[in-house]
There are 2 protein chains.
Amino acid sequence: MALQRDYPGQVCSVASALEVVGERWTLLIVRDLLLGLRRFDELQADLGVARNVLQARLELLVAHGVVERRPYQERPPRHEYRLTPKGEDLAPVLHALMRWGDAHAPRPGGPPVLVEHRGCGGAVDAHWRCSRCGRDLGPGDAEAVPGPGAGPDHPVRLAAASAA
Amino acid sequence: MALQRDYPGQVCSVASALEVVGERWTLLIVRDLLLGLRRFDELQADLGVARNVLQARLELLVAHGVVERRPYQERPPRHEYRLTPKGEDLAPVLHALMRWGDAHAPRPGGPPVLVEHRGCGGAVDAHWRCSRCGRDLGPGDAEAVPGPGAGPDHPVRLAAASAA
C-alpha cells in the first residue's frame, strides 16, 4: 500500500512540516545538503537510495522551496542542489534529532557528527548557544564537524573534501 | 512497495532517531502524547489513522522504550499510553518541527499551538528559553496551550479537557 504524504484533517504545524519533510529519506537528504553535499551522484552514493526515489524527493523539496536546483555547467548541462534559507531553517530539526539519537541510540564509536560554532569551535548546546563564547546562535552560525564515530566515508568528511 | 524502516549503512544519529520515529504518523502520535492524550481511542479519533497502523506504531514505540503501556482498569483490562523520559526528550524535535511549520507553512488562523513555560506563561523561544523570566528550560518545563489557530476539536484542547 502506498503511503500518503499529507495528513488531511490535521490542523497542526508539525503535520504541515511533516507533509514537506516527513517522507522516508527526505530528512537525510536535507542532512547531507546541510553538511555540504551538492550533487545528485554524491547524494545517491552517500544514501544508497534508489535514483528514482532521490529524484522524487528532491523534486518535492524544490517544489516546496526548500531546495534550489542550480546549473553549474553548461555543456553538458549539470545541476547541483542547495538549501534555500527555508531549507537551512531545518537545521534545528536535524540538530534535535541528532541530539536525541546521540542520547538514546548511541553509536559504539561515539557521535559521528559534532555541531560547532563556526569560526569559534565551541560546541552548540541544546539551547543553540555556543558552549565556548556563550553567544546565541542561529542555523547559519553552526557547522558540522566529524566526531569520534565518523568513519572515512561519512558524509561529513565527504562534504569537507568536496569543499576543499 | 513497502517502505523499510531502517537505514542500513548510515552511521548517523539522525538516521538512528528516524529508525525509531521516522515512520508516517509516529511523530504525530508522540505529539498527541506530549499534549496529554493517553488512550488508544483518543489517539485514533484525533489522528483518523487506521487502528492497525496506530497499533503497530505504538508497539514499536513501546519496544524502543519511548512509550510505556500502563493498565488503568482491571475489569475489563484497559491500558493507556504514556511517554517515558526517553519519549519526553523528543519534545525539542517536535518543537523544532512546529516552529518550522509555523514559519514556513503557516495556517490562515495563526499557530494552533503555543508552547509556554509551565507555571510562568512566557513563550518558549527557539533557544528553549522562557521569553518572560529568561530561564533555560528543559522539555519537562514546557507546556502546550491552544493558539489562535486551534479549533474546538484540536488535540491541545481535547487533552486539556480529558485532564480536567
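Note that the coordinates shown come from a computational prediction; the quantities given were computed from them, not determined experimentally. All residue numbers refer to position in the chain's written sequence, counted from 1. Numbering of ligands from 1 and lettering of chains from A proceed in the order in which they are written. Only residues with pLDDT of at least 70 get local features here, since the model is predicted, and only at 80 or more are side-chain atom pairs given and counted; chain-wide, interface and lining totals rely on the full set of residues. Values shown for side chains rest on all heavy atoms present in the structure; no hydrogens or waters enter the calculation.

Undergrad: What exactly am I supposed to notice about the packing of helix H6 (residues 91-104) of chain A against helix H6 (residues 91-104) of chain B here?
TA: Two measures define how a pair of helices packs: the angle their axes make with one another and the distance between the axes. Two elements in contact, H6 of chain A and H6 of chain B, have axes separated by 8 Å at closest approach and are oriented at 170°. In this view, H6 of chain A runs roughly antiparallel relative to H6 of chain B, as classed from their interaxial angle. Of H6 of chain B, the residues touching H6 of chain A (which contributes Pro-92, Val-93, Ala-96 and Leu-97 of chain A) are Pro-92, Val-93, Ala-96 and Leu-97 of chain B. Each residue gets one of three labels, nonpolar for Ala, Val, Leu, Ile, Met, Phe, Trp, Tyr, Cys and Pro, charged for Asp, Glu, Lys and Arg, and polar for the others, Gly among them. Across the contact of H6 of chain A with H6 of chain B, the residue classes break down as 8 nonpolar, no polar and no charged. An axis is simply a line fitted to the C-alpha atoms; with a helix, the fit covers only the stretch in contact. Between two such axes, the angle follows the N-to-C directions and lies from 0 to 180 degrees. Secondary structure elements are defined from DSSP: runs of H or I of at least 4 residues count as helices, runs of E of at least 2 residues count as strands, and each element is numbered from the N terminus. Roughly parallel covers angles under 35 degrees, roughly antiparallel covers those over 145, roughly perpendicular covers 65 to 115, and oblique covers all other angles. For this analysis, residues touch if any pair of their heavy atoms sits within 4.5 Å.

Undergrad: Any chance you could explain the packing of H6 of chain A against helix H1 (residues 13-21) of chain B here in plain terms?
TA: Axis separation between H6 of chain A and H1 of chain B bottoms out at 7 Å; the angle between their running directions is 85°. If you check the angle between H6 of chain A and H1 of chain B, you find them roughly perpendicular. On H1 of chain B, the residues that touch Leu-94, Leu-97, Met-98, Trp-100, Gly-101 and Asp-102 of chain A of H6 of chain A are Ser-13, Val-14, Ala-17, Leu-18, Val-20 and Val-21 of chain B. Here the residues of the contact of H6 of chain A with H1 of chain B are counted per class, giving 9 nonpolar, 2 polar and 1 charged.

Undergrad: Would you explain the interface of chain A and chain B in this entry?
TA: Interface size, as often reported, equals the accessible area lost upon joining of the parts. Tallying the contact residues gives 48 residues for chain A and 48 residues for chain B. Accessible-area loss on putting two parts together, using a 1.4 Å probe and summing over both, is the definition of buried area adopted here. Roughly 4,600 Å² of surface becomes buried between chain A and chain B when both sides are summed, with 61% attributable to carbon and sulfur atoms. Counting the surface chain A buries against chain B, the share from its top three residues, Arg-24, Trp-100 and His-127 of chain A, is 17%. By definition here, a salt bridge exists when the distance from a side-chain nitrogen of Lys or Arg to a carboxyl oxygen of Asp or Glu is within 4 Å. At the junction of chain A and chain B, the tally comes to 2 salt bridges. A salt bridge links Arg-129 of chain B to Asp-136 of chain A, with the shortest nitrogen-to-oxygen separation between them at 2.6 Å. As used in this structure description, the phrase polar contact means that two N or O atoms lie within 3.5 Å; if the pair is within protein, one of them must be able to donate a hydrogen and the other to accept it, and residues adjacent in sequence are counted only when both atoms belong to side chains. Joining chain A to chain B, the criterion identifies 27 residue pairs in polar contact (both at pLDDT 80 or more).

Undergrad: Explain helix H2 (residues 26-35) of chain B here, please?
TA: The periodicity of an α-helix, 3.6 residues per turn, causes residues three or four positions apart to be oriented the same way. Residue and element names in this part refer to chain B. Only protein chains enter the accessibility calculation, which uses a 1.4 Å probe. A residue is then buried if its area is under 20% of the maximum for its type, exposed if over 50%, and partly exposed in between. Within H2, 9 of the 10 residues are buried, leaving the element largely enclosed by the surrounding structure. When H2 is considered as a whole, its buried residues turn out to be Thr-26, Leu-27, Leu-28, Ile-29, Val-30, Arg-31, Asp-32, Leu-33 and Leu-35. Looking one or two residues beyond H2, the residue adopting positive phi is Gly-36, at roughly 115°.

Undergrad: How should the relation of the copies chain A and chain B be read in this particular structure?
TA: The operation linking the two copies of the chain is a rotation about an axis combined with a translation along the axis. Our superposition of the copies is a least-squares fit, built on the C-alpha atoms of residues whose pLDDT is at least 70 in both. For the match of chain A to chain B, the screw axis carries a shift of 0.0 Å, the RMSD comes to 0.0 Å, and the turn is 180°. Seen this way, the second copy is the image of the first under a two-fold rotation axis. Residues of chain A ranked by C-alpha distance from the rotation axis are headed by His-127 of chain A, positioned 2.2 Å from it. Here 100% of the interface residues in chain A have copies in chain B that are interface residues too; the copies meet face to matching face.

Undergrad: Just checking my understanding: could you explain the confidence of the model for chain A for this structure?
TA: Low-pLDDT portions of the prediction should not be read for the details of their coordinates. The quantity known as pLDDT measures the predictor's confidence residue by residue, on a range of 0 to 100. Model confidence for chain A is summarised by a mean pLDDT of 90, while 96% of its residues fall at 70 or above. Note on the complex model: pTM 0.91, ipTM 0.91.

Undergrad: Got a minute to help me understand the nonpolar core in this structure?
TA: In this text, buried Ala, Val, Leu, Ile, Met, Phe, Trp, Tyr and Cys residues form a nonpolar core when linked through side-chain atoms within 4.5 Å. Leu-97 of chain A together with Leu-97 of chain B are the most contacted members of the largest nonpolar core, which has 91 residues in total. For Leu-97 of chain A, the residues in contact, after removing those within four places along its chain, are Leu-27 of chain A together with Ser-13, Val-14, Ala-17, Leu-18, Val-21 and Val-93 of chain B.

Undergrad: Would you explain the pattern of salt bridges in this entry?
TA: Where side chains of opposite charge bring their charged atoms close, a pairing between them can arise. Applying the stated criterion across every chain, the model contains 18 salt bridges over all chains. Across the salt bridge formed by Arg-70 of chain B and Glu-68 of chain B, the nearest N and O atoms sit 3.4 Å from each other. The exposure class of Glu-68 of chain B is partly exposed, given its relative accessible area of 36%. The salt bridge involving Glu-80 of chain B is made with Arg-82 of chain B; its shortest N-O contact spans 3.0 Å. For Glu-80 of chain B, a relative accessible area of 10% gives the class buried. Assessed through its relative accessible area of 24%, Arg-82 of chain B is described here as partly exposed. A single salt-bridge network, built from bridges that share partners, covers Arg-31, Asp-32 and Asp-46 of chain A.

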